Amino acid sequence: MNFIETRGNDGSRPASVSFSHAILNPMASFGGLYVPEKLPALGEAFLQQHIDSDYKTLARAVLEAFEPDIDSDTLDRALARYDDFDDPAQPVPVVRVSDELFVSELYHGPTRAFKDMALQPFGVVLSTLAQARGENYLILAATSGDTGPATLETFKNQANVKVACLYPDGGTSDVQRLQMVTEDAPNLKVIGIHGAFDDAQTALKALLSSDAFHARLAGKHTRLSAANSVNFGRIIFQQIYHIHSYLELVRQGAITIGDKVYLNVPSGNFGNALGGYYAMKMGLPVEKILISSNSNNVLTDWIHTGRYQLRDRKVLTTSSPAMDILKSSNVERILFDLFGAQRTRELMASLDTEGGYQLSGEELARLQAVFAADFASDEEVETAIRETFEQRGYLMDPHTATCLKAHASCRDKALPDIVYSTAEWTKFSPTIAHALTGESDAHDIDALRSISETAKLSIPSMIAELFDRPIAQSTVIDKRDIEKEVLSFI
């Protein structure tokens, strides 16, 4: 399967490229992104065929449907990374919380967040390609808290690959920060910046699109790629767990194949939701995709009104920091699929130069045929955490808790709702401890112990050990100095 460009072709690049080209060179013409030329059809017959498949078997079947130019051995080694999850036989448990509410737990990997689902196998694929080609790659990552640890984990000590990871200083949880700054592999560089995630992501996309930066790297015999979800190598793995979660509901007797469900996604950069959208387009029976946000509710406004507006908005600091994002990269791929390359280029140009855009009434109707949205305040998030634990005995992190609002407000049919839990409770313990016991100003380690005692849950060893590991990465800089710092690292 070949890949084409969301903003059209500028004449200097191939009109379509292979999967391996798209993941090694993720930025396309006019600053756009790569998308599949067409999606495979995976209808009810495919679902029936895989009703008894384990996760890796299903994943391989989905990947092979895309016909990637990746050899079978590389796919096997990539999918073998799921063997390092809590339960290799079931890396993504789906838990029934109530009659119509199911939680797909995507956080059972080594860094306790959903980014492991895509980045663990993706790292194997990219580093294998680099080694096979005899090329050296710099992998850029910008993180609001979870992409960074997962990227560093998958690429550490990998041959032919170096990673520069940008994070907003003060904009992650303590555990997320420690997962990054205690990494000491020589091929990793962690860079805190004074600013928000949007600043880090803007810098990343600027460097990916900069001919001058590419030339400087070439002078150091290095090529450039990215681990953020601007890279379709991330997205291709994020479609699989939506299909798996649907099949889990079938196995649990909640639905039969062909019944529709809601997918309820806590959304920041929109990659997780995009994976669900592509799964729906490929044939997964989905009624609608519910987009759950925190008080940075630009996506809610967009889906309600068709207006994507960044002017006069600043990123708000919330209890769900991985969603403290205003400029969601993967919205562009939705625009392309709904409206085509020319309109996407117009809308993205308006966003870049004017700070926003407005969809037409007809365009908004097409968007709303697929998506519904709501957002939850920090107070609503804490209430959802507390009440779900007290009434159902289920503990969720603040990002997952945003979905409870959309579960109540956005469903217009009595259909099962699959909520995607993107992080374990250990990643945001002060917020959860406050929700459960009212304690305030607790350090992460104290909050972890409090929750462990209250909820009778063990703290996973990979989290508990963080607090005794030495800090190996202490760089914090102004965002204007990012390029200089990265080149110094190379």
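Heads up: these notes are all about the structure in this document. Per chain, residues are indexed from 1 in the order of the written sequence. Local features in this predicted model are restricted to residues of pLDDT 70 or higher, and side-chain atom pairs are both shown and tallied only at a pLDDT of 80 or more, whereas totals for entire chains, interfaces and linings draw on every residue. Side-chain metrics in this entry use all non-hydrogen atoms of the structure; hydrogen atoms and water are not considered.

## Examining the packing of aromatic side chains
Thought 1: Any two of the Phe, Tyr and Trp rings considered here, Trp counted by its six-membered ring, make a pair once their centres fall within 6.5 Å; the pair's planes then place it as stacked at under 30 degrees, edge-to-face at over 60, or tilted in between. Throughout the structure, instances matching the rule amount to 14 aromatic pairs.
Thought 2: Where Tyr-241 meets Tyr-420, the ring centres are 6.1 Å apart and the plane angle is 45°; that geometry is what we call tilted. With a gap of 179 residues between them, Tyr-241 in helix H11 (residues 240-251) and Tyr-420 in strand E14 (residues 417-421) connect regions that are remote in the sequence.
Thought 3: Take Tyr-420: its relative accessible area is 0%, and that puts it in the buried class.
Thought 4: If you follow Lys-162 out to its NZ or CZ, it ends over the ring of Phe-489, 5.4 Å from the centre. Numbering goes from the N terminus for both helices and strands, where a helix is a DSSP run of H or I of at least four residues and a strand is a run of E of at least two. Buried means the residue's accessible area, taken with a 1.4 Å probe over protein chains only, is under 20% of the maximum for its type, while exposed means over 50%, and partly exposed covers the values in between. Throughout this description, the term charge over a ring refers to an Arg CZ or Lys NZ atom that lies within 6 Å of the ring centre and within 35 degrees of the ring normal.

## Quick word on the sheet that holds strand E4 (residues 101-105)
Thought 1: A pair of strands is treated as paired once DSSP finds two or more bridges between them. Taken in spatial order, the 6 strands make up an open sheet running E3-E4-E14-E9-E10-E13, and their pairing is mixed. This sheet does not close on itself; its edge strands, each paired only once, are strand E3 (94-98) and strand E13 (371-375). Between one strand axis and the next, the sheet turns through 25° on average, direction left out of account.
Thought 2: When strand E9 (residues 261-266) meets strand E10 (residues 286-293), the two strands line up parallel, connected through 6 bridges. Each bridged residue has a counterpart across the sheet, and for Val-261 the counterpart in E10 is Val-286.
Thought 3: In this fold helix H12 (residues 271-282) packs onto E9, E10, E13 and E14, with an angle of close to 175° to the strand it touches most, E10. For helices, the axis comes from a line fit to the C-alpha atoms of the stretch in contact; other axes are also lines fit to C-alpha atoms, and the angle between any two N-to-C directions lies between 0 and 180 degrees. Residues count as neighbours in contact if any of their non-hydrogen atoms are within 4.5 Å of one another.

## Points about helix H14 (residues 331-339)
Thought 1: Burial of H14 is extensive: 8 of the 9 residues sit out of reach of the surface.
Thought 2: Residues of H14 that are buried: Val-331, Glu-332, Arg-333, Ile-334, Leu-335, Phe-336, Leu-338 and Phe-339.
Thought 3: At the exit of H14 stands Gly-340, carrying a positive phi of roughly 90°.

## Some thoughts on the sheet that holds strand E8 (residues 223-226)
Strands belonging to one sheet form pairs held by backbone hydrogen bonds; the direction of such a pair is parallel or antiparallel.
Thought 1: Reading across the sheet, the 5 strands line up as E8-E5-E6-E7-E15 and stay open at both edges, with parallel pairing between neighbours. At either margin of the open sheet sits one strand with a lone partner, and together these are E8 and strand E15 (476-478). Neighbour-to-neighbour, the strand axes of this sheet turn through a mean angle of 30°, independent of strand direction.
Thought 2: With 3 bridges joining them, strand E7 (residues 188-194) and E15 adopt parallel strand pairing. Across the sheet, residue His-194 finds its bridge partner in E15, namely Asp-478.
Thought 3: Contacts from helix H6 (residues 147-155) reach strand E5 (137-142), strand E6 (161-168) and E7 within the one sheet, and its direction differs from that of E6 by about 165°.
Thought 4: Packed onto the sheet, helix H7 (residues 174-181) meets E6 and E7 and runs at close to 155° relative to E6.

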